[in-house]
Amino acid sequence: MSEQHETLKDFLGKHPTVKYLFTGGKGGVGKTISAAGLAYYFASEGEKVLLASLNPVHSLSSLFGQDLTGGAIKPINGINNLYAIEVDIRERVKKYKEQLSEKLMWFMKWADIPLKAEEFVDIAATNPAFEESAMFDNTIDIMLKESENFDKIVFDTAAVANAVRLLGLSKIYGLWLGRMIESRKEALSLRVKLSFRKERVMEEVKKDPMMKDLLDMNERIKKAREVFSDPEKTAFFFVTLPLALPIAVVERFIKMVQGFDIPTGGVIVNGVLEKKLVSEGKATEYLINKFKEQQRYMEIIKERLWPSVRAIIPLYPTEIIGLDMVGKVAQDMLNWKPEA
Ligand SMILES: Nc1ncnc2c1ncn2[C@@H]1O[C@H](COP(=O)(O)OP(=O)(O)OP(=O)(O)O)[C@@H](O)[C@H]1O
Ligand SMILES: [Mg+2]
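The present account deals with the structure reproduced in this document. Here the structure is a predicted model, which is why all the values come from computation and not from measurement.

Topic: empty space enclosed by the protein
In the structure shown here, the tally under the stated rule is one cavity of 30 Å³ or more. In this structure, the largest cavity spans a volume of roughly 30 Å³. In this structure, the largest cavity is lined by Tyr-96, Gln-99, Leu-100, Lys-103 and Met-217. At four residues, helix H4 (residues 89-110) tops the list of elements feeding residues into the lining of the largest cavity.

Shown next, in the form of structure tokens:
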């Protein structure tokens, strides 16, 4: 409410180098439309933008009325500079399972653990965190592969319980990989000791395909962590509705993100009824009650999150479909200012 309140436009203006943007929040709060709004805005400013969805639901295809499935980058019809990709995470989970099972099999054999790796991987794969790690892997892929080709990459993060865990995972992943690499080195050097001279250890290590794989993966994670924790490259936006549960989720997310040193872009409040709807005297009782309820939650948002709120998106009379409506969302997001 003060003049210093940092709006979305202010934030983006102050951080022109931010390249990777994420939208997170509870299911159905408006992550996809916010990501699309951001992407639309950048594209209309002449920046080349990739909007990436790692959602199992084809949300971008239905939003733009265009088939964006298949995992290839496609231009969005009717606008310059805007491209989108929808990755089917199920394919990735399958691949990921195969890769992991290979590594685990080796590791368990080496550590002399008498279990079948396949069974172990199957059990692990039923954990939602497994899907999240596959998604995380995919996110890194897109970040590293496409960063040269685009000015901005906006990730529409899927409605998994904790989108932020994706990022936190990189830390755990890194630790796990470190262990694997050390164990592999040890195993190799033992083998080498038996049959070759010591000088050949490193040579052997470099030739080892599993080692190469592990080192590559480690390198990727390291790079991704560097990018994720750089506030001049990455911004994570939290989307909420003026309702109790999504607000609580956002509060929790913000704390988690801070714990992982991931830079926050701020909060986007979506689906807010405009005052004029009820002040014109034609509103139904239902609408008036809904408005009052929202106002109560807006008070809570003001108490707990206000300095981080970057934009408020109004509740539109229809769902958001098509490029024109995405343009409207972009405009409303970017023009938002707190009331004087
Ligand atoms: N401000 C709004 N006004 C009207 N309809 C909206 C608004 N925001 C979102 N919607 C509609 O609500 C639905 C959910 O929005 P969206 O898909 O962006 O949410 P999400 O957080 O991405 O959901 P999911 O968790 O399922 O991925 C969509 O049908 C969208 O068109
Ligand atoms: Mg979505």
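Notes on the sheet that holds strand S1 (residues 20-24)
Across the sheet, eight strands lie side by side as S3-S4-S2-S5-S1-S6-S7-S8; this open sheet has mixed pairing. What marks the edges here is a single partner per strand, and that holds for strand S3 (74-75) and strand S8 (309-314). Direction of pairing for S1 relative to strand S6 (residues 234-240): parallel, over a ladder of five bridges. Opposite Thr-23, over in S6, you have Phe-237 as the bridge partner. Each of S1, S6 and strand S7 (264-272) touches helix H10 (residues 244-259); the most contacted strand, S6, lies at about 160° to it.

So, helix H2 (residues 31-44)
Here H2 is 14 residues long and its end C-alpha atoms lie 20 Å apart, about the 20 Å a rise of 1.5 Å per residue gives. Within H2, burial applies to Lys-31, Thr-32, Ile-33, Ser-34, Ala-35, Ala-36, Gly-37, Leu-38, Ala-39, Tyr-41, Phe-42 and Ala-43. Trailing H2 by a residue or two, Gly-46 shows a phi angle of about 90°, which is positive.

Description of the site of ligand 1
In the region of ligand 1, 17 residues are neighbours, and Gly-28, Lys-31, Thr-32, Pro-314 and Ile-320 sit closest. Asn-270 places a side-chain nitrogen or oxygen 2.9 Å from a nitrogen atom of ligand 1. Expressed as a share of its isolated accessible area of 630 Å², the protein-covered part of ligand 1 is 75%. By residue number, the principal contributor to the shell around ligand 1 is H2, which donates three residues. Looking at the shell around ligand 1, its residues break down into seven nonpolar, eight polar and two charged.

A closer look at the packing of aromatic side chains
When we look at a pair of aromatic rings, we describe it by the centre distance and by the angle of the planes. All chains considered together, the criterion is met by eight aromatic pairs. Residues Tyr-41 and Phe-42 carry aromatic rings whose centres are separated by 5.6 Å and whose planes lie at 55° to one another, so their mutual orientation is tilted. Grouping residues by exposure puts Tyr-41 and Phe-42 together as buried. Seen from their ring centres, Phe-238 and Phe-253 are 6.1 Å apart, and the 50° between their planes marks the pair as tilted. Of this pair, Phe-238 sits in strand S6 while Phe-253 is found in helix H10, placing the two residues 15 residues apart along the sequence. Ring pairing ties together the aromatic residues Phe-22, Phe-155, Phe-236, Phe-238 and Phe-253, which thus form one cluster. We note Lys-48 situated over the ring of Phe-150; from NZ or CZ to the ring centre the distance is 4.9 Å. The cationic tip of Lys-152 hangs over the ring face of Phe-42; the distance from NZ or CZ to the ring centre is 4.9 Å.

Topic: the side chain of Asp-156
With respect to the element layout, Asp-156 can be found in strand S5 (residues 152-156). Look at Asp-156: it is buried, it has no salt bridge, and the nearest opposite charge is Lys-31 at 6.4 Å. Within the structure, the side chain of Asp-156 is placed 2.9 Å from the side chain of Thr-32, a separation counted as a polar contact. Apart from residues no more than four positions distant in its own chain, Asp-156 is found in contact with Thr-23, Lys-31, Thr-32, Ala-35, Ala-52, Ser-53, Leu-54, Asn-55, Ser-59 and Leu-60.

What counts and how
Residues numbered from 1 in each chain as written. Chains lettered and ligands numbered in written order. Predicted model: local features only at pLDDT ≥ 70, side-chain atom pairs only at ≥ 80, totals over all residues. Heavy atoms only, no water. 1 Å grid on protein atoms, 1.4 Å probe; cavity = no way out; pocket = protein on both sides within 12 Å on 5 of 7 lines; lining within 4 Å. Points joined across faces, edges and corners; volume = space filled by probe spheres on them. Helix = DSSP H or I, 4+ residues; strand = E, 2+ residues; numbered from the N terminus. Pairing = 2+ DSSP bridges. Contact = heavy atoms within 4.5 Å. Axes fitted to C-alpha atoms, helices over the stretch in contact; angles between N-to-C directions. Expected span 1.5 Å × (residues − 1). Buried < 20%, exposed > 50% of the residue type's maximum accessible area, 1.4 Å probe, protein only. Near = heavy atom within 4 Å. Polar contact = N/O pair within 3.5 Å; in protein donor to acceptor, adjacent residues only side chain to side chain. Areas by Shrake-Rupley, 256 points an atom, 1.4 Å probe, with all protein chains shown as cover. Nonpolar A, V, L, I, M, F, W, Y, C, P; charged D, E, K, R; others polar. Phe/Tyr/Trp six-rings, centres within 6.5 Å; stacked < 30°, edge-to-face > 60°. Lys NZ or Arg CZ within 6 Å of the ring centre and 35° of its normal. Lys, Arg positive; Asp, Glu negative; His and termini not counted. Salt bridge = Lys/Arg side-chain N within 4 Å of Asp/Glu carboxyl O.

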